[in-house]
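Inside the fold
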Amino acid sequence: GTCATQSNTCLSSGSANAGNGTCQAIVLCQNACTTQQCVQDCVNAAAPSSQTQFNNLMGCLQGACGAAADQEKCVQDAQQPDGACYPELNNCMTG
């Protein structure tokens, strides 16, 4: 969908001027965002390896929840210990 396209464009364009932040820092930063530019700034502030971990998590969530009627609940469920994307979340938060 449109959001997935925007997200992929956003997430794949940040590596050129990457910082050294962690994947966890991206998640915590973007949780406070209200604009797409804010999310991009969070991604740009992270190290390339952290950006990859974040992209893996976002890709998993998009794959698991792309067609779900209740996106918010699906994303929350997918990140639970028995959820489809918990391994990616765990990699992100501990990497």
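Structure shown above.
Just so you know, these numbers come straight off a predicted model, no measurement behind them.

Time to look at the packing of helix α4 (residues 48-65) against helix α5 (residues 71-78). Running from N to C, α4 and α5 cross one another at 125°; their axes reach a closest spacing of 10 Å. Judged by the angle between their axes, α4 and α5 are oblique. Like other packed secondary-structure pairs, α4 and α5 cross with a definite hand, here right-handed. Packed against α4, whose contacting residues are L61, A64 and C65, the element α5 presents Q71, C74, V75 and A78 at the interface.

With respect to the helices and strands, G66 occurs in the loop between α4 and α5. G66 has contacts with L61 and Q71, leaving out every residue within four places of it along the chain.

Moving on: the nonpolar core. Judged by nonpolar contacts, the single largest core of 19 residues is most densely connected at I26, F54, L57, L61 and C85. Of all the secondary-structure elements, those providing two or more residues to this core are α2 (23-31), α3 (36-44), α4, α5 and α6 (86-94). Ranked by residues supplied to this core, first place goes to α4 with six residues. Leave out the neighbours within four places in its chain, and L61 touches G66, V75, A78, Q79 and C85.

Our focus in this paragraph is the state of the cysteines. Counted according to the given criterion, the structure contains five disulfides. Across a sulfur-sulfur distance of 2.0 Å, C60 and C85 are joined as a disulfide pair. Between C60 and C85, the disulfide has an S-S torsion of -95° and is therefore left-handed. Within this pair, whereas C60 is found in helix α4, its partner C85 is found in the loop between α5 and α6, the two being separated by 25 residues in sequence. With its sulfur 2.0 Å from that of its partner, C65 forms a disulfide with C74. The sign of the -85° torsion about the S-S bond sets the C65-C74 disulfide as left-handed. According to the relative accessible area criterion, C65 is buried, its value standing at 1%.

This next bit is on the pattern of salt bridges. Where side chains of opposite charge bring their charged atoms close, a pairing between them can arise. Enumeration over the complete set of coordinates arrives at one salt bridge. Ionic pairing is found between D77 and K73, a salt bridge with its closest N-O pair at 2.7 Å. Note that D77 and K73 are positioned in helix α5 at a spacing of four residues, about one turn of the helix. For K73, a relative accessible area of 44% translates into the label partly exposed.

The rules behind the values
Residues numbered from 1 in each chain as written. Predicted model: local features only at pLDDT ≥ 70, side-chain atom pairs only at ≥ 80, totals over all residues. Heavy atoms only, no water. Axes fitted to C-alpha atoms, helices over the stretch in contact; angles between N-to-C directions. Helix = DSSP H or I, 4+ residues; strand = E, 2+ residues; numbered from the N terminus. Parallel < 35°, antiparallel > 145°, perpendicular 65-115°, else oblique. Left-handed = near helix turned anticlockwise from the far one by under 90°. Contact = heavy atoms within 4.5 Å. Core = buried A, V, L, I, M, F, W, Y, C linked by side-chain atoms within 4.5 Å. Buried < 20%, exposed > 50% of the residue type's maximum accessible area, 1.4 Å probe, protein only. Disulfide = S-S within 2.5 Å. Salt bridge = Lys/Arg side-chain N within 4 Å of Asp/Glu carboxyl O.

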